Amino acid sequence: MSTNENSLELLREQLDATNLQLLELLSQRAELAGQLGKLKEAQGVPDFDPVREQQMLDKLIAANRGPFDDATIRQLFKNIFKASLNYQKEEHKKHLIVSRKNQPDSTIIKVKDTLVGGKASIMVAGPCSVESYQQTREVGAALKEAGVPILRGGAFKPRTSPYDFQGLGVEGLQILKRVGDEFGLATISEIVDPRHLEEAIQYIDIIQIGARNMHNFELLKAAGETRTPVLLKRGLAATMEEFLHAAEYIVSRGNTQVMLIERGIRTYEKWTRNTLDISAVPILKKESHLPVLVDVTHSTGRKDILAPCAKAALAAGADGIMVEVHPNPAVALSDAQQQLNIPEFHNFLSEVKESGLFKA
Ligand code: PEP
Ligand code: MN
């Protein structure tokens, strides 16, 4: 070997050793940043502190003796800071109770005799609003006949216009319970006010928190104080992170029985009521151990595409489907255009089941 080759080899070895030293230092730095992140989390301070970052960069630039110029040093360290920040964020996620990193096994929620999030897929169906005993009973009977175990029906309706039907309130919950008891169905209804929770849980088996209230932190906290299962809808414009943090509000108060439901998000698209975000399903299943459902009615607002969307949701890993059913949708007091009538519901169910995607 020539002297030149010898020194090339030697320099390469030194570079390799330096790389390893750098790696060791970067790992040490990440650990320190992780500890700092935990302290900041405990104090409720955000991870990113631009003033502190500027101070660190200023110190580094002042100490820079070359051969890299200041701009290069700034660029390199900005990347290191960014990597640490991302690591701190990952660490935070690990600490969420709802995170699958925190609990690898899926949460299974027992509602009456039904398991949500277990091996079998689940169907939740019923009218947009509880309008009368007769109307709710007709749907309850159809669910019983079809073997669908959970009856939905709104009693407190968060309507866009204050002049639209606002729901029957507690009377609606009482009707739901009467029909549920009659047919052995579990019931679910949306609650919009923390003050109604205590009374409502005497009548319903699952508290629904609607899309418009996903950011209502006082309602989330109050639902977290109960021990009644909660179905939490994704907000109209909520990110996955916001959605999971909303769930965290509930479980952190001790109520671990939370189900997530994708119900479409607002986009520029007009041919559907909302845009069904199918990618939310595998993401939520991956990031969280909570059951994940998909509301095909409110996400699409179109009866003609409910079955393919339900199949897509199941194929993507959803634990269940929610759909609106009314004995006579044309005269429904809310969401008249999008509810299935009873024969349409039976067809919908058959089509979904025949796909083999709805697990028995
Ligand atoms: C509902 O399910 O009755 C409802 C109002 O849905 P969302 O909150 O998703 O709009
Ligand atoms: Mn509705």
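The protein chain is annotated in an unreviewed UniProt entry as Bifunctional 3-deoxy-7-phosphoheptulonate synthase/chorismate mutase of Paenibacillus polymyxa.

A.B. asks: How should the overall build of the protein chain be read in this particular structure?
C.D. replies: Along the backbone of the protein chain there are 12 helices and 10 strands. Expected size for 360 residues packed as a compact globule is a radius of gyration near 21 Å; at 27 Å, the protein chain overshoots this value by more than 25%. With the C-alpha coordinates aligned to their principal axes, the bounding extent of the protein chain is approximately 95 × 45 × 40 Å. In the protein chain, which comprises 360 residues, the proportion classed as buried is 46%. Carbon and sulfur atoms make up 55% of the accessible area of the protein chain, which amounts to about 18600 Å² in all.

A.B. asks: What am I meant to see in the site of ligand 1 here?
C.D. replies: Taken together, Arg152, Lys157, Glu190, Gln208, Gly210, Ala211, Arg212, Lys233, Arg263 and His298 make up the full set of residues adjacent to ligand 1. Here Lys157 contributes a side-chain N or O atom positioned 3.1 Å from an oxygen atom of ligand 1. One of the side-chain nitrogen or oxygen atoms of Gln208 is found 2.9 Å away from an oxygen atom of ligand 1. Relative to its free-state accessible area of 300 Å², ligand 1 is covered by the protein chains to the extent of 96%. For the shell around ligand 1, the residue count by class is 1 nonpolar, 3 polar and 6 charged.

A.B. asks: Would you mind going over the coordination of the manganese ion (ligand 2) with me for this structure?
C.D. replies: Under ideal tetrahedral coordination, the four donors around a metal are separated by 109.5 degrees; under ideal octahedral coordination, the six donors are separated by 90 or 180 degrees. Bound to the manganese ion (ligand 2) are the protein donor atoms Cys128 (SG), His298 (NE2), Glu324 (OE) and Asp335 (OD), situated 2.0 to 2.3 Å from the metal. Written as a sequence motif, the donor residues of the manganese ion (ligand 2) are C-x169-H-x25-E-x10-D. Here Glu324 is found in strand S10 (residues 320–324), whereas its partner Asp335 is found in the loop between S10 and helix H12 (342–354), with 11 residues between them in sequence. Considered together, Glu324 and Asp335 belong to a single accessibility category, that of buried residues.

A.B. asks: Sorry if this is basic, but what is going on with the packing of helix H7 (residues 217–225) against helix H8 (residues 240–251) here?
C.D. replies: In a pair of packed helices, the angle between the axes and the distance between the axes together describe the arrangement. In the contact formed by H7 and H8, the axes pass within 6 Å of each other and the chain directions differ by 45°. The pairing of H7 with H8 is recorded here as oblique in orientation. Residue-level inspection shows Phe217, Leu220, Lys221, Ala223 and Gly224 of H7 in contact with H8, the latter providing Ala246, Tyr249 and Ile250. Across the contact of H7 with H8, the residue classes break down as 6 nonpolar, 1 polar and 1 charged.

A.B. asks: Looking at this model, I keep getting lost on the pattern of salt bridges. Mind explaining?
C.D. replies: For side chains of opposite charge, pairing can occur when their charged atoms come near one another. If you walk through the whole model with that rule in mind, you get 17 salt bridges. For Glu324, the salt bridge is made with Arg152, and the minimal N-O distance between the two is 3.4 Å. On the criterion of sequence distance, the pair formed by Glu324 in strand S10 and Arg152 in strand S4 (residues 150–152) is long-range, its members being 172 residues apart. Look at Arg152 and you get buried, because its relative accessible area is 3%. The salt bridge partner of Asp181 is Lys177, with a shortest N-O separation of 3.0 Å. With a gap of 4 residues between them, Asp181 and Lys177 both fall in helix H5 (residues 170–183), about one helical turn apart.

A.B. asks: Is there a simple way to think about the sheet that holds S4 in this case?
C.D. replies: Spatially, 8 strands are ordered S3-S4-S5-S6-S7-S8-S9-S10 in a closed barrel, and the strand pairing comes out parallel. Sheet twist, expressed as the average angle between the axes of neighbouring strands with direction ignored, equals 25°. Two strands pair when backbone bridges link them, and strand S8 (residues 258–262) and strand S9 (residues 292–295) are joined in this way by 3 bridges, in the parallel orientation. Across the sheet, Glu262 pairs through a bridge with Val294, a residue of S9. Lying over the sheet, helix H4 (residues 133–146) contacts strand S3 (122–126) and S4, oriented at roughly 155° with respect to S4.

A.B. asks: Just checking my understanding: could you explain the packing of H4 against H5 for this structure?
C.D. replies: Look at H4 against H5: their axes get within 9 Å of each other, and the N-to-C directions meet at 30°. Accordingly, the angle class assigned to the pair H4 and H5 is roughly parallel. Between H4 and H5 the crossing geometry is right-handed. Each of Tyr133, Thr136, Arg137, Gly140, Ala141 and Lys144 in H4 lies in contact with H5, whose residues at this interface are Ile175, Leu176, Arg178, Val179, Glu182 and Phe183.

A.B. asks: Just checking my understanding: could you explain the UniProt feature "domain: Chorismate mutase" (unreviewed entry) in the protein chain for this structure?
C.D. replies: In the numbering adopted here, UniProt assigns the feature "domain: Chorismate mutase" (unreviewed entry) to residues 2–92. Along residues 2–92, the helical share is 86% and the strand share 0%, with 54 Å between the first and last C-alpha atoms.

A.B. asks: For this particular structure, what's the right way to read the nonpolar core?
C.D. replies: One recurring pattern in soluble globular proteins is that nonpolar side chains are buried together. Membership of the largest hydrophobic core comes to 68 residues, with the highest contact counts inside it found for Leu232, Leu260, Val323, Phe345 and Phe348. Top element by residues in this core is H8. It accounts for 7 residues. Residue contacts for Phe348: discarding those within four places in its chain leaves Met123, Val296, Leu306, Ala307, Ala310, Ile321, Val323 and Leu340. Counting 14 residues, the second-largest nonpolar core is a separate cluster that includes Ile109, Val111, Ile150 and Leu231.

A.B. asks: What exactly am I supposed to notice about the packing of aromatic side chains here?
C.D. replies: Two measures describe an aromatic ring pair: the distance that separates the ring centres and the angle between the ring planes. Throughout the structure, instances matching the rule amount to 2 aromatic pairs. Across from the ring centre of Tyr133, 3.6 Å away, lies the NZ or CZ of Arg178, which sits over that ring.

A.B. asks: Can you walk me through the pairing of S3 in this structure?
C.D. replies: By the criterion of burial, S3 is predominantly enclosed, with 5 of the 5 residues buried. Across the two faces of S3 the burial is the same, with Ile122, Val124 and Gly126 and Met123 and Ala125 all buried. Note: S3 against S10, 5 bridges, orientation parallel. Bridge assignment links Ala125 to a residue of S10, and that residue is Val323. In this structure, S3 lies alongside S4, joined through 2 bridges in parallel fashion. Bridged to Val124 within S4 is Ile150. A crossover connection joins S3 to the parallel S4 through H4; in handedness this β-α-β unit is right-handed.

Cut-offs applied
Residues numbered from 1 in each chain as written. Chains lettered and ligands numbered in written order. Predicted model: local features only at pLDDT ≥ 70, side-chain atom pairs only at ≥ 80, totals over all residues. Heavy atoms only, no water. Helix = DSSP H or I, 4+ residues; strand = E, 2+ residues; numbered from the N terminus. Rg over C-alpha atoms; globule rule 2.2 N^0.38 Å. Buried < 20%, exposed > 50% of the residue type's maximum accessible area, 1.4 Å probe, protein only. Areas by Shrake-Rupley, 256 points an atom, 1.4 Å probe, with all protein chains shown as cover. Near = heavy atom within 4 Å. Polar contact = N/O pair within 3.5 Å; in protein donor to acceptor, adjacent residues only side chain to side chain. Nonpolar A, V, L, I, M, F, W, Y, C, P; charged D, E, K, R; others polar. Donors = N, O, S within 2.8 Å, 3.2 Å for Na, K, Ca; no water. Axes fitted to C-alpha atoms, helices over the stretch in contact; angles between N-to-C directions. Parallel < 35°, antiparallel > 145°, perpendicular 65-115°, else oblique. Contact = heavy atoms within 4.5 Å. Salt bridge = Lys/Arg side-chain N within 4 Å of Asp/Glu carboxyl O. Pairing = 2+ DSSP bridges. Left-handed = near helix turned anticlockwise from the far one by under 90°. UniProt positions renumbered as here; feature names shortened; annotations may be inferred. Core = buried A, V, L, I, M, F, W, Y, C linked by side-chain atoms within 4.5 Å. Phe/Tyr/Trp six-rings, centres within 6.5 Å; stacked < 30°, edge-to-face > 60°. Lys NZ or Arg CZ within 6 Å of the ring centre and 35° of its normal. Right-handed = clockwise from strand over helix to strand, strands pointing away.

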